[in-house]
Amino acid sequence: MTDWHDQAQCRGTDPETFFPAGFGARYLTRIERAKDDCWACQVRLDCLDDALNREGDTAASMRHGIRGGLEPDQRWRVHQQLTERKAAS
Ligand code: SF4
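Let me sum up the structure you'll find in this document.

Scoring rules and cut-offs
- Every chain is numbered independently, its residues counted from 1 as its sequence is written.
- Totals for whole chains, interfaces and linings use every residue, but because this is a predicted model, local features are given only for residues with pLDDT of at least 70 and side-chain atom pairs only at 80 or more, for both listing and counting.
- Hydrogens and water molecules were not included; the side-chain quantities draw on all heavy atoms of the structure.
- Axes here refer to lines fitted to C-alpha atoms; in helices the fit is confined to the stretch in contact. Angles between the N-to-C directions go from 0 to 180 degrees.
- Numbering of helices and strands runs from the N terminus; a helix is a DSSP stretch of H or I covering at least four residues, while a strand is a stretch of E covering at least two.
- Roughly parallel covers angles under 35 degrees, roughly antiparallel covers those over 145, roughly perpendicular covers 65 to 115, and oblique covers all other angles.
- We call two residues in contact when some of their heavy atoms are within 4.5 Å.
- We call Asp, Glu, Lys and Arg charged. Ala, Val, Leu, Ile, Met, Phe, Trp, Tyr, Cys and Pro are nonpolar, and the rest, Gly among them, are polar.
- The cutoff for a nearby residue is simple: one of its non-hydrogen atoms must lie within 4 Å of the molecule or strand.
- We define a salt bridge as a contact between a side-chain nitrogen of Lys or Arg and a carboxyl oxygen of Asp or Glu at a distance within 4 Å.
- Here's how the labels work: a residue is buried when its accessible area is under 20% of the maximum for its type, exposed when over 50%, partly exposed in between, all with a 1.4 Å probe on protein chains only.
- The span you would expect from a helix comes to 1.5 Å times its residue count less one.
- The arc refers to the directions leading from the helix axis to the C-beta atoms.

**Overview of the packing of helix α2 (residues 44–55) against helix α3 (residues 72–88)**
So, point 1. For the pair α2 and α3, the least separation of the axes is 10 Å and the interaxial angle reads 80°. Judged by the inter-axis angle, α2 sits roughly perpendicular to α3. Taken together, the residues of α3 that come into contact with α2 (itself represented by Leu48, Ala51, Leu52 and Glu55) are Arg75, Val78, His79 and Leu82.
So, point 2. Tallied by class, residues from the contact of α2 with α3 come to five nonpolar, one polar and two charged.

Have a look at this one:
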């Protein structure tokens, strides 16, 4: 069985690509490039699922980077929605 990490679009790339630092237009451009890479990644949903499992209950200050095509606050909102749905069912 192949580990999804082996098929990651970001494998072998500079980690800073998916954990950009800074501010302003240059920072936003980096964020969008990372997201574009993620959305072209064939294991995006595996990655997002992993990120949601790992980061969902983690303090906001500890959540970083682009994973599964989403920014930390976006992942947190998805996690919250999934949690609410589970509670309602
Ligand atoms: S979705 Fe993005 S962060 Fe996740 S494995 Fe693919 S390229 Fe890497």
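We are not done yet, so read on.
**A word on the site of the ligand**
So, point 1. Around the ligand, the neighbouring residues are Ala8, Gln9, Cys10, Phe18, Cys38, Cys41, Arg44, Cys47, Ile66, Arg67 and Gly68.
So, point 2. Residues belonging to the shell around the ligand are distributed by class as follows: seven nonpolar, two polar and two charged.

**Observations concerning the pattern of salt bridges**
So, point 1. This structure, assessed with the given rule, holds seven salt bridges.
So, point 2. Here Glu71 and Lys35 are joined by a salt bridge, their closest N and O atoms 2.6 Å apart. With Glu71 in the loop between α2 and α3 and Lys35 in helix α1 (residues 24–39), the pair connects residues that are 36 residues apart, well separated along the chain.
So, point 3. When its relative accessible area of 22% is taken as the criterion, Glu71 is described as partly exposed.

**Notes on α1**
So, point 1. For α1, which comprises 16 residues, the first-to-last C-alpha distance of 23 Å matches the rise-based estimate of 22 Å (1.5 Å per residue) to within 8%.
So, point 2. Within the sequence span of α1, burial applies to Ile31, Ala34, Lys35 and Cys38. The arc that holds every buried residue of α1, seen down its axis, measures 100°, which confines them to one face. Structural note: α1 exposes Ala25, Arg26, Arg33 and Asp36 on the side pointing more than 90 degrees away from its buried face.
So, point 3. Where α1 is buried, its residues contact α2 and α3.

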